[in-house]
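Residue strings, one per chain:
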Amino acid sequence: MKRIVFLVALMMGAISLKAQSCETIMLPFFNGDVMAMNNYPDEKFEWCCAYARAAFYVSDEIPAGAEVYQITSVVSKEDGVSLPQDYQVDLTTLSYYAYNFKELQLQYPKGNVTICFATPASEHPYLVLRSLDEMYAIAENKQ
């Protein structure tokens, strides 16, 4: 089933360069272990992918009530390196699971806080990380 999903994702990627590949954004969830990813139950994999896809959008403005951080606050889980100030957002490859996004969200325990990152080198100056509540609701609606 995942192979079919992968092939469909590849075809959709060719049609639309804006599409996020589940395999690309989910691999960090499995610490780069392709075998573990392929052996993960399909339904759980699809839900986790929908959750990760729901995480971000780019914006030209700061959403009302959002907490604002510099993009350098985002740290890679793999090597502990912060994203550079000149980071250019690419939503097709940006993985919620590859960086400390969840840890940043958990600083706001009610789960209803949107976080915005200044990305001055990107086409849109802000990367918006939806609240945990929004991400969950979007992922549930995709099921």
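Residues numbered from 1 in each chain as written. Predicted model: local features only at pLDDT ≥ 70, side-chain atom pairs only at ≥ 80, totals over all residues. Heavy atoms only, no water.

1. Some details on the confidence of the model for the chain
For step 1, the next point in the chain: In the predicted model, the chain carries a mean pLDDT of 88, and the fraction of residues at 70 or more is 86%.
For step 2, the next point in the chain: A low-confidence stretch, residues 1-17 stays under pLDDT 50, and its non-local contacts, those more than four residues away or across chains, total 15 contacts. (pLDDT = per-residue confidence, 0-100. Contact = heavy atoms within 4.5 Å.)

2. So, the nonpolar core
For step 1, the next point in the chain: The biggest cluster of nonpolar side chains holds 36 residues, and the ones touching the most others in it are Met-26, Phe-56, Tyr-96, Phe-101, Phe-117 and Leu-129.
For step 2, the next point in the chain: Elements supplying a minimum of two residues to this core: α2 (22-26), α4 (42-53), α5 (101-105), β3 (115-118), β4 (126-129) and α6 (132-142). (Core = buried A, V, L, I, M, F, W, Y, C linked by side-chain atoms within 4.5 Å. Buried < 20%, exposed > 50% of the residue type's maximum accessible area, 1.4 Å probe, protein only. Helix = DSSP H or I, 4+ residues; strand = E, 2+ residues; numbered from the N terminus.)

3. As for α6
For step 1, the next point in the chain: All buried positions along α6 are accounted for by Leu-132, Met-135 and Ala-139. Around the axis of α6, the buried residues are gathered within 65° of arc, so they sit on the same side.
For step 2, the next point in the chain: On its buried face, α6 is in contact with α4, α5 and β4. (Arc of directions from axis to C-beta.)

4. Comments concerning α4
For step 1, the next point in the chain: Here α4 is 12 residues long and its end C-alpha atoms lie 16 Å apart, about the 16 Å a rise of 1.5 Å per residue gives.
For step 2, the next point in the chain: Within the sequence span of α4, burial applies to Phe-45, Cys-48, Cys-49, Ala-50, Tyr-51 and Ala-52. (Expected span 1.5 Å × (residues − 1).)

5. A few points about the packing of aromatic side chains
For step 1, the next point in the chain: The tally for this structure, following the rule as stated, stands at 14 aromatic pairs.
For step 2, the next point in the chain: An angle of 20° between the planes, with centres 6.5 Å apart, marks the rings of Phe-30 and Phe-45 as stacked. With Phe-30 in the loop between α2 and α3 (34-39) and Phe-45 in helix α4, the pair connects residues that are 15 residues apart, well separated along the chain.
For step 3, the next point in the chain: Given the relative accessible area of 2%, Phe-45 is considered buried. (Phe/Tyr/Trp six-rings, centres within 6.5 Å; stacked < 30°, edge-to-face > 60°.)

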